[in-house]
Amino acid sequence: MDENVDIGSVTSAARSASRVLAGASPARKNAALEAIASALVERAGEILAGNASDMERGRANGMAEGLLDRLELTSERLGAIAASVREVAALPDPVGEVVRGTTNELGLRITQVRVPMGVVGMIYEARPNVTVDAAVLALKAGSAVVLRGGSAAEASNAALVGAMRGALESVGLPADLVQTVDPWGRAGANAMMVARGGIDVLIPRGGAGLINAVVSHSTVPVIETGTGNCHVYVDAGADEEAALRIVMNAKIQRVGVCNAAETLLVHRDAAPTFLPAVLRELTGAGVLVHGDPAALECAAGAGVDPAMLREATEEDWATEYLAMELAVRVVDSIEEAIDHIRAYSSGHTEAICTPSLASANAFRAGVDSAAIAVNASTRFTDGGQLGLGAEVGISTQKLHARGPMGLAELTTTKWIIEGDGTIRP
């Protein structure tokens, strides 16, 4: 660890600030979120200027288009972020919610209630929206947040953090509820990973390299978010017009996100009519197709530009492209589709297009991912789309949280045991 990284001071300030927030009413927390939403709009010029410098540096460094798309802020995107902050403010406060309760045979009143985590750490890449999402969700859930947003978005994040800290002070809450270690660079991230006791939970969000590094090196408990090698399977008898809409939306609506489709699986019975149509649409939109021999055979003579076709390799089935590329395979059965997904999926989101309830049920039961979409796009695995407001990431692990992580997932629980001089017999 860089000796100049004073992570102890950062986490100590965060802990002190979290204790102030723990005593704040839901109305006061919501006032803080409203102040943040207003500050994002009022300071848009400063924020967008910082983002413009990050974008310029990213292009000069050859950053991939998908990552540049994640990095970019526009007036519309900043307005949408502010709107999402207000959506979080409108959600029920999870702190104090009774998860379960009972009265036992001795008359003890026993309840399990949601309480704040305390200090939440986030390490992420080139995603300025996560700077705001992580902060406002942590604040609403009663916790302070320590952020490491990566060098690619350094100017954007500095402006966003400054706006949020000012907004907190404007309503009488400590600015240190939102802090960043970005000035320390990678050393700041390394310091967060070993700040056990200072940071209560660490959430990495980004590419496989980042997530694996945090999981491997952190002494702080980690909620692992995963990469998105998401699949769409088109079953025999599927409504081909609807399936085509779903595939196109899942792939190209926004390519640089973790819930975009990266592999298309098509039942052999559907392939002769569906694949020529969908491959024309995909390649016409600029998608480079990595197909198995059967898929490439369906493209032949179908008016598909050969320059947009490649023979798929083993590596393609496991690749999260985050770009205008898609792997395509023809399978003989739904069982083969499920086996393929089990072998290559990152456990994020898988979709099936089918008219068959039996097939839908088999897919739901056989695929072990955080989200399953039946006759719908993979793009719906998102906190806002699922009614959670913003999210801090999509958990692909199975402990504590799975899928989009909203307010409830940023709390822990406490047992309250109330008696009347009661002792254990």
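None of these values were measured; they are calculated from a predicted model. Numbering of residues starts from 1 in every chain and runs along the sequence as written. Side-chain atom pairs in this predicted model are given and counted only at pLDDT of 80 or more, local residue features only at pLDDT of at least 70, and totals for whole chains, interfaces and linings cover all residues. Excluding hydrogens and water, the side-chain values take into account all heavy atoms of the structure.

Moving on, we come to the overall build of the protein chain. Working definition: helices are DSSP H or I runs of at least four residues, strands are E runs of at least two. Numbering for both runs from the N terminus. Within the protein chain, the secondary structure is distributed over 15 helices and 16 strands. Radius of gyration here uses only the C-alpha atoms, and the compact-globule reference equals 2.2 Å multiplied by the residue count raised to the power 0.38. Taken over the C-alpha trace, the protein chain has a radius of gyration of 24 Å; the compact-globule value for 425 residues is 22 Å, and the two agree within 12%. When the backbone C-alpha atoms are referred to their principal axes, the protein chain occupies close to 75 × 60 × 40 Å. Long-range contacts, defined here as pairs at least 24 residues apart, represent 72% of the contacts in the protein chain between residues at least 6 apart. Carbon and sulfur atoms form 51% of the exposed surface of the protein chain, whose accessible area is close to 17500 Å². In this analysis, two residues are considered to be in contact whenever any of their non-hydrogen atoms come within 4.5 Å of each other. Residue exposure ignores everything except the shown protein chains as possible cover, and the areas themselves are Shrake-Rupley values with a 1.4 Å probe.

Here we take up the packing of aromatic side chains. In this scheme Phe, Tyr and Trp rings, the latter by its six-membered ring, pair at centre separations within 6.5 Å, and the angle between planes marks the pair as stacked below 30 degrees, edge-to-face above 60, and tilted otherwise. The tally for this structure, following the rule as stated, stands at one aromatic pair. Residues Tyr233 and Phe363 carry aromatic rings whose centres are separated by 6.4 Å and whose planes lie at 15° to one another, so their mutual orientation is stacked. With Tyr233 in strand 7 (residues 230–234) and Phe363 in helix 15 (residues 357–366), this pair connects stretches of sequence that are 130 residues apart. Three labels apply to residues, based on accessible area from a 1.4 Å probe with only protein chains included: buried if under 20% of the type maximum, exposed if over 50%, partly exposed otherwise in between. On the accessibility criterion, Tyr233 (0% relative accessible area) is buried. Residue Phe363 is classed as buried on the basis of its relative accessible area of 0%.

Sheet architecture is open: three strands sit in the order 1-2-16, paired in antiparallel fashion. For this open sheet the edge positions go to strand 1 (98–103) and strand 16 (411–418), each flanked by a neighbour on one side alone. Adjacent strand axes in the sheet meet at a mean angle of 20°, parallel and antiparallel pairs treated alike. When strand 2 (residues 109–116) meets strand 16, the two strands line up antiparallel, connected through eight bridges. Bridge pairing in strand 16 links Arg114 to Thr413. Pairing between strands is defined by DSSP: at least two bridges between the two strands are required. Orientation is described by axes fitted as lines to C-alpha atoms, over the contacting stretch for helices, and by angles from 0 to 180 degrees between their N-to-C directions.

Here, a disulfide means two cysteine sulfur atoms that sit within 2.5 Å of each other. Tallying each qualifying case throughout the model produces zero disulfides. Looking at Cys258, it has no disulfide partner, and the nearest cysteine sulfur is the one in Cys230, 6.9 Å off. With no disulfide of its own, Cys298 lies 17 Å from the sulfur of Cys353, the closest cysteine sulfur.

Residue ranges for the domains originate in an automatic or database domain assignment. Taken domain by domain, the protein chain comprises domain 1 (7–225 + 401–417) and domain 2 (230–385). Computed from C-alpha coordinates alone, the two centres of domain 1 and domain 2 are separated by 33 Å. The interface is formed by seven residues belonging to domain 1 together with 11 residues belonging to domain 2. Taken over both partners, the interface formed by domain 1 and domain 2 buries close to 770 Å², and the fraction arising from carbon and sulfur atoms is 47%. Any Lys or Arg side-chain nitrogen located within 4 Å of an Asp or Glu carboxyl oxygen qualifies as a salt bridge. Summed over the shared surface of domain 1 and domain 2, the result is two salt bridges. Sorting elements by how many residues they give to the side of domain 1 that touches domain 2 places helix 4 (residues 65–71) first, with three residues. Considered class by class, the residues forming the side of domain 1 that touches domain 2 number one nonpolar, two polar and four charged. Buried area, as used here, totals the accessible surface that two parts lose on assembly, with accessibility defined by a 1.4 Å probe and the loss added over both. Gly counts as polar in this scheme, as do all residues outside two lists: the nonpolar Ala, Val, Leu, Ile, Met, Phe, Trp, Tyr, Cys and Pro, and the charged Asp, Glu, Lys and Arg.

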